Amino acid sequence: MRATASLAGLEAIKLTRGHYRSCGRDPAGCCVSDLIRDEPVIRSGREANYEAGKDTARFWDAGASNVHWVIVKDDQVERGINEALARVKSFGVLVEGNSFLEYVTADLALMCARSDGGKVKPSARYALKQSDVLYLSTLNGEGIAARRQFEEWRSSLTIDLDFDHLPIFTREDLPRLVSRIAQWQSVAKPAAAFLQSQY
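Every value quoted in this text rests on a predicted model; they were computed, and no experiment measured them.

Calculation criteria
Residues numbered from 1 in each chain as written. Predicted model: local features only at pLDDT ≥ 70, side-chain atom pairs only at ≥ 80, totals over all residues. Heavy atoms only, no water. Phe/Tyr/Trp six-rings, centres within 6.5 Å; stacked < 30°, edge-to-face > 60°. Helix = DSSP H or I, 4+ residues; strand = E, 2+ residues; numbered from the N terminus. Buried < 20%, exposed > 50% of the residue type's maximum accessible area, 1.4 Å probe, protein only. Lys NZ or Arg CZ within 6 Å of the ring centre and 35° of its normal. Polar contact = N/O pair within 3.5 Å; in protein donor to acceptor, adjacent residues only side chain to side chain. Contact = heavy atoms within 4.5 Å.

## What to know about the packing of aromatic side chains
One pass over the structure, following the stated rule, counts one aromatic pair. Note on phenylalanine 150 and tryptophan 153: the rings are 5.6 Å apart at their centroids and 35° apart in plane angle, and the pair reads as tilted. Placement of the pair is phenylalanine 150 and tryptophan 153 together in helix H6 (residues 143-155), with a separation of three residues, close to one helical turn. As far as burial versus exposure is concerned, phenylalanine 150 and tryptophan 153 are alike and both buried. The cationic tip of arginine 46 hangs over the ring face of tyrosine 50; the distance from NZ or CZ to the ring centre is 4.2 Å.

## A look at the side chain of asparagine 49
With respect to the helices and strands, the residue asparagine 49 is situated in helix H2 (residues 46-49). The exposure class assigned to asparagine 49 is buried, which follows from its relative accessible area of 4%. Engagement of the side chain of asparagine 49 in a polar contact is seen with the side chain of tryptophan 60, the distance being 2.7 Å. Setting aside its immediate chain neighbours within four residues, asparagine 49 contacts Arg43, Ser44, Thr56, Trp60, Val67, His68 and Trp69.

## Focus: the environment of glutamate 102
As for its position among the elements, glutamate 102 is in the loop between strand S4 (92-96) and strand S5 (108-114). Separated by 24 residues in sequence, glutamate 102 and tyrosine 126 place their C-alpha atoms 8.0 Å apart. Those residues within four positions of glutamate 102 in sequence are excluded, and the remaining contacts are Arg17, Ser123 and Tyr126.

Take a look at the structure:
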């Protein structure tokens, strides 16, 4: 997640599904297995979850009024989400994590995808069906090239992913995307949930 617009007035939730050292990688480098407990772990507040370079820090740096990091095992996801949502005091919350959409209907779901594609997680396939917007991220920042690259990747897929119903935005479209979100927000109900998902 790259914070590019102000989250002032909003809170954020980062959802991490973990497992007991079964990811096959260096546990110290990628896993949260040492944080997993018998109950969902929710770290709220800057002192509890700010770490430079991590999604939670990016939320704080973008001006979120509070950030909640939810760390759960597969069988704790729904409970962890509900407990984190119960802590939200602001008008709206931005949530990062595909699993959220399995349990809660977001008021606006934004799928982030690399313009050059990549492996599509099963949770992202489900989240894609629930998404309202597709944002293409790219290192070079050129919208035309990003769209072309994405279409090339998409045409090479051996699985059927339906992107046709989604408006697609790139970095060059950010002002238009922010305007669209602001328009939606002006008619949204209280405690609106924005979901930022990715594969």
